[in-house]
Amino acid sequence: MAIRRDDRCGAGRWAIDDDACAGPAFHRSRKRPLRFRVTAMAQKSVAPAAPRLNPAQARILIDTARKITGVAISTDKLSFLELRVSRRLRELGCQDYDGYVDLLRGPNGAAEARYLAEALTTHTTSFFREKVHYDWLEREGLPSLVEDGAGIDRKLTIWSAACSLGSEMWTAAMVLEQFSQARKGGLMWEVMGTDVSRQILRQAAAAVFTEDQIAGIPDDLRRSYLLRSRGEPRLYRIVPELRSRARLAWANLVDLDRKLQITADVAFLRNVLIYFQPEDQRRAVEGVVSRLRHGGYLLTGHSESLADPPANLRQIAASTYQKV
Ligand SMILES: C[S@@+](CC[C@H](N)C(=O)[O-])C[C@H]1O[C@@H](n2cnc3c(N)ncnc32)[C@H](O)[C@@H]1O
């Protein structure tokens, strides 16, 4: 499994490349079990006391990360910050947070700031999360889009705009494929995932999940759309038929690059707006809506209803909007 970065797209596009899969083999049928070897190394050592973060240092870390991703963290969350950043201090051999702040302000500060921003983003996600959206898509959203020619005259595109590991994007792909198979002649469709974290995009491109991570997928869909490794721990990979219809790209929602070329019929913008300040929320919503087709749908997280949606969006159900 290799991830190719196509720099022709300024935003950085990641293609899911099946030809060079170097990871464990995945099977549809029982043939050769994979063996995993676990090596345990016991070492006796006394861990030094972890450095403590004070509110002034926390403010600097938060502001540095926020300038990159828009993610706003309260200075009350000192232990959360310590948990996320302490490993980095150990890796760098920094004795304390003053040393780390100096590094952020030094000549390599910009690169370190990107690393910090990655460490402070939260990637919680799951398959069929907030399932009412997928039920609505099947029942109303997709039929109305197809009636307007999506999937028939042109490709129907679903975009997961803060895709994390890709669970949302692959769930949409499963729903679309089921919908397409139920239609005579099928549909032309694709899914797209973007995220600000390059690290998470690499994982998303592998399309490999643990048993816990696939908990939300019904059995019939598991049989159709997942390959299973043998041995322990058991891993699951999205089938090539879905992988070939997916694209991943880096994109920052609070500063969407004009080169990010997406025209989506449905955009998922879920469980990310809550991390932004109102000004960044507005910027993210406008950027995503400008890449939606007229008549297309924007889906936000159920705790993220838009207090003041742009004039070209009308709300049609809870956290469901249509571009008019
Ligand atoms: C909590 S996850 C939500 C994943 C998925 N949308 C869902 O609802 O399950 C939030 C994701 O937003 C991404 N994110 C945070 N700030 C972002 C930004 N400025 N632009 C794009 N993605 C961002 C994070 O990297 C993370 O993967």
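Since the model is a prediction, treat every value here as computed from it, not as a measurement.

## What to know about helix H7 (residues 198–206)
Inference 1: Among the residues of H7, Ile 200, Leu 201, Ala 204 and Ala 205 are the ones counted as buried. The arc that holds every buried residue of H7, seen down its axis, measures 140 degrees, which confines them to one face.

## So, the site of the ligand
Inference 1: Lining the immediate environment of the ligand, one finds 24 residues, of which Thr 125, Ala 162, Ser 164, Leu 253 and Asn 271 sit closest.
Inference 2: Class assignment for the residues of the shell around the ligand results in eight nonpolar, twelve polar and four charged.
Inference 3: Inspection of the shell around the ligand shows a minimum of three residues originating in each of domain 1 (55–119) and domain 2 (125–204 + 245–323).

## Focus on the environment of Leu 221
Inference 1: Along the chain, Leu 221 falls in helix H8 (residues 219–225).
Inference 2: The class of Leu 221 is partly exposed, set by 18 C-beta atoms lying within 10 Å.
Inference 3: Along the backbone, Leu 221 and Val 175 are 46 residues apart, and their C-alpha atoms lie at a distance of 9.2 Å.

## Concerning the pairing of strand S11 (residues 313–317)
Inference 1: Note that S11 and strand S12 (residues 320–323) share four bridges and pair antiparallel. Among the inter-strand pairings, Ala 317 is bridged to a residue of S12, identified as Thr 320.
Inference 2: Between the end of S11 and the start of S12, which pair antiparallel, lie two residues, with Ser 319 showing a positive phi angle near 50 degrees.

## Side note on the nonpolar core
Inference 1: Counting 61 residues, the largest nonpolar core has Ala 173, Leu 253, Ala 267 and Leu 269 as its most contacted members.
Inference 2: Counting twelve residues, the second-largest nonpolar core is a separate cluster that includes Ala 58, Val 71, Tyr 97 and Leu 116.

## What about the pairing of strand S8 (residues 246–250)?
Inference 1: The buried count for S8 comes to four of five residues, which makes it a mostly enclosed element.
Inference 2: Note that strand S4 (residues 189–195) and S8 share five bridges and pair parallel. For Thr 194, the partnering residue across the bridge sits in S8 and is Ala 249.

## What about the packing of helix H1 (residues 55–69) against helix H4 (residues 109–119)?
Inference 1: It is the contact of H1 with H4, at a shortest axis distance of 8 Å, that shows an interaxial angle of 90 degrees. The pairing of H1 with H4 is recorded here as roughly perpendicular in orientation. For the pair formed by H1 and H4, the contact residues are Leu 61, Thr 64, Ala 65, Ile 68 and Thr 69 on the first element and Ala 113, Arg 114, Leu 116 and Ala 117 on the second.
Inference 2: Residue composition of the contact of H1 with H4, grouped by class: six nonpolar, two polar and one charged.

## Describing the confidence of the model for the chain
Inference 1: Of all residues in the chain, 86% have pLDDT values of 70 or greater, and the mean over the chain is 88.
Inference 2: The low-confidence segment residues 17–22, where pLDDT is below 50, has nine contacts with residues more than four positions distant or belonging to other chains.
Inference 3: Across residues 29–43 the pLDDT falls below 50, and counting only partners more than four positions away or on other chains, this stretch makes ten contacts in the model.

## Considerations on the packing of helix H3 (residues 97–105) against H4
Inference 1: H4 packs onto H3 with a crossing angle of 120 degrees between their chain directions and a minimal axis gap of 6 Å. Between H3 and H4, the interaxial angle falls into the category oblique. Seen from H3, the contacting residues are Leu 103, Leu 104 and Arg 105; seen from H4, they are Gly 109, Glu 112 and Ala 113.
Inference 2: In terms of residue class, the contact of H3 with H4 is built from three nonpolar, one polar and two charged.

## What about unusual backbone geometry?
Inference 1: In this structure, the amide linkage connecting Glu 232 to the following residue, Pro 233, adopts the cis form with an omega of -10 degrees.
Inference 2: With respect to the secondary-structure elements, Pro 233 resides in the loop between strand S6 (226–228) and strand S7 (235–238).
Inference 3: A positive phi angle, near 55 degrees, is found at Phe 128, a position not held by glycine.
Inference 4: Mapping Phe 128 onto the fold places it in the loop between H4 and helix H5 (132–147).
Inference 5: Of note, the phi angle at Ala 207 is positive, near 60 degrees, even though the residue is not glycine.
Inference 6: Tracing the sequence through the fold places Ala 207 in the loop between H7 and strand S5 (208–210).
Inference 7: Looking at Ala 207, the number of C-beta atoms within 10 Å reads 25, which means it is buried.

## Thoughts on the environment of Phe 179
Inference 1: Note that Phe 179 resides in helix H6 (residues 167–181).
Inference 2: Residues Phe 179 and Pro 143, 36 residues apart in the sequence, show an inter-C-alpha distance of 9.1 Å.
Inference 3: Non-local contacts of Phe 179, meaning those with residues more than four positions away in its chain, are made with Glu 138 and Leu 142.

Thresholds, definitions, all that
- Residues numbered from 1 in each chain as written.
- Predicted model: local features only at pLDDT ≥ 70, side-chain atom pairs only at ≥ 80, totals over all residues.
- Buried ≥ 20, exposed ≤ 12 C-beta atoms within 10 Å, placed from the backbone.
- Helix = DSSP H or I, 4+ residues; strand = E, 2+ residues; numbered from the N terminus.
- Arc of directions from axis to C-beta.
- Near = placed C-beta within 6 Å.
- Nonpolar A, V, L, I, M, F, W, Y, C, P; charged D, E, K, R; others polar.
- Domains from an automatic or database assignment.
- Pairing = 2+ DSSP bridges.
- Core = buried A, V, L, I, M, F, W, Y, C linked by C-beta atoms within 7 Å.
- Axes fitted to C-alpha atoms, helices over the stretch in contact; angles between N-to-C directions.
- Parallel < 35°, antiparallel > 145°, perpendicular 65-115°, else oblique.
- Contact = placed C-beta atoms within 7 Å.
- pLDDT = per-residue confidence, 0-100.

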